[in-house]
Amino acid sequence: MKKTMKKVIFILLLLTVSVYALFLTYLHFFVPGGKDLSGEWTGGLDMTKQAAVTAFGWLQEVEAVSVSLEDMESYMQDLTIQVNLTLEQTVRSGGTFRCHVLPESYDACRQAAYEAFARAFREILAERLRMAGHEENTDMEDIENLVTETFGMSTVSYLKSCGPALLPSLEELQAKYDGGGVYDAAGGILTRQFDNAPSVTKTEGYIRKGSSLILFEKTDSDTSGHSSDDYPVIYTLKHSSNQ
């Protein structure tokens, strides 16, 4: 009798442990938990490199001035455009999304880029004057006055009007990032299908760490044949509130 009871208890314990192990396995592999990406996220598109490269290319055409890409990068710092992304999980590994570029953030980033460009431009003009033997009146205020007298506008306004486009247009960025539709998140891959452009599928790798979500583009395919990596596609999205 005692042996029978011991066998029954052993079997019950074994079954309990097995069920518990199966439950933990289910939680680990099938319950979304940390895989749930629902929430309102904000992040930034890094425009620093593009602005520096564009400004550098334009300044290379200025004769007798030595300027490097590293020089331009030292002026262009932390140029980012805010992007808002809302994800709402409706099924185990997916749901709906909305994404848009913040226009006021774009305007602020563009202004900061041209102000940085203007600082570099004024210093280059001062260098050219010194090389020509004009050592006096080469401080930044004097150079700004010289630009205003010569072109009838400030250095920033002159570069905006006559210089290169340091950033892609807001319309270009909106065409690339704005929109909504459905998403699927599985195996570390976030796939978004846009309602306004059914032919476009954006596929990104993602890493969720607490209140941070890191997205990095894997492919960007369009059945019309258009595919682009012209703009930075690696960005970190900060959760607007803890979940």
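Some points on the overall build of the protein
- Within the protein, the regular secondary structure consists of seven helices and eight strands.
- Summarising the internal contacts of the protein: among those between residues at least 6 apart in sequence, 60% fall at separations of at least 24.
- When the accessible surface of the protein is totalled, it reaches about 14200 Å², and 56% of it is carbon and sulfur.

What about the nonpolar core?
- Counting 47 residues, the largest nonpolar core has Met72, Met76, Ile81 and Phe117 as the members making the most contacts within it.
- The greatest single-element share of this core, amounting to 10 residues, is contributed by helix H4 (residues 103-131).
- Leaving out residues up to four positions away in the same chain, Ile81 has contacts with Gly43, Gly44, Leu45, Met47, Val101, Leu102, Ser105, Tyr106, Cys109, Leu167 and Leu173.

A short note on unusual backbone geometry
- Its identity is not glycine, yet Asp78 carries a phi of approximately 55 degrees, on the positive side.
- Within the element layout of this structure, Asp78 appears in the loop between helix H3 (69-75) and strand E2 (80-91).

Section: helix H2 (residues 48-59)
- Taking 1.5 Å of rise per residue, 12 residues should cover 16 Å, and H2 covers 16 Å from first to last C-alpha, within 8% of that figure.
- Of all the residues in H2, the buried ones are Thr48, Gln50, Ala51, Ala52, Ala55, Phe56, Trp58 and Leu59.
- On its buried face, H2 is in contact with strand E1 (39-46), H3, H4 and helix H6 (155-162).

Overview of the confidence of the model for the protein
- Summary statistics for the protein give a mean pLDDT of 78 and a share of 72% for residues scoring 70 or more.
- Scored below 50 in pLDDT, residues 23-34 shows eight contacts in the model against residues more than four places distant or in partner chains.
- Taken as a whole, residues 219-235 scores under 50 in pLDDT and shows 46 contacts with residues more than four places along the chain or in a different chain.

Notes on the pattern of salt bridges
- Scanning the entire structure with this criterion turns up three salt bridges.
- When the shortest N-O distance is used, the salt bridge between Glu73 and Lys49 registers 2.5 Å. On the criterion of sequence distance, the pair formed by Glu73 in helix H3 and Lys49 in helix H2 is long-range, its members being 24 residues apart.
- For Glu73, a relative accessible area of 24% puts it in the partly exposed group.
- Arg192 is the salt-bridge partner of Glu204, the closest N and O atoms lying 3.1 Å from each other. Of the two residues, Glu204 is situated in strand E6 (residues 200-209) and Arg192 in strand E5 (residues 189-194); the sequence distance between them amounts to 12 residues.
- Among the residues examined, Glu204 registers a relative accessible area of 0% and is labelled buried.

The rules we used
Residues numbered from 1 in each chain as written. Predicted model: local features only at pLDDT ≥ 70, side-chain atom pairs only at ≥ 80, totals over all residues. Heavy atoms only, no water. Helix = DSSP H or I, 4+ residues; strand = E, 2+ residues; numbered from the N terminus. Contact = heavy atoms within 4.5 Å. Areas by Shrake-Rupley, 256 points an atom, 1.4 Å probe, with all protein chains shown as cover. Core = buried A, V, L, I, M, F, W, Y, C linked by side-chain atoms within 4.5 Å. Buried < 20%, exposed > 50% of the residue type's maximum accessible area, 1.4 Å probe, protein only. Expected span 1.5 Å × (residues − 1). pLDDT = per-residue confidence, 0-100. Salt bridge = Lys/Arg side-chain N within 4 Å of Asp/Glu carboxyl O.

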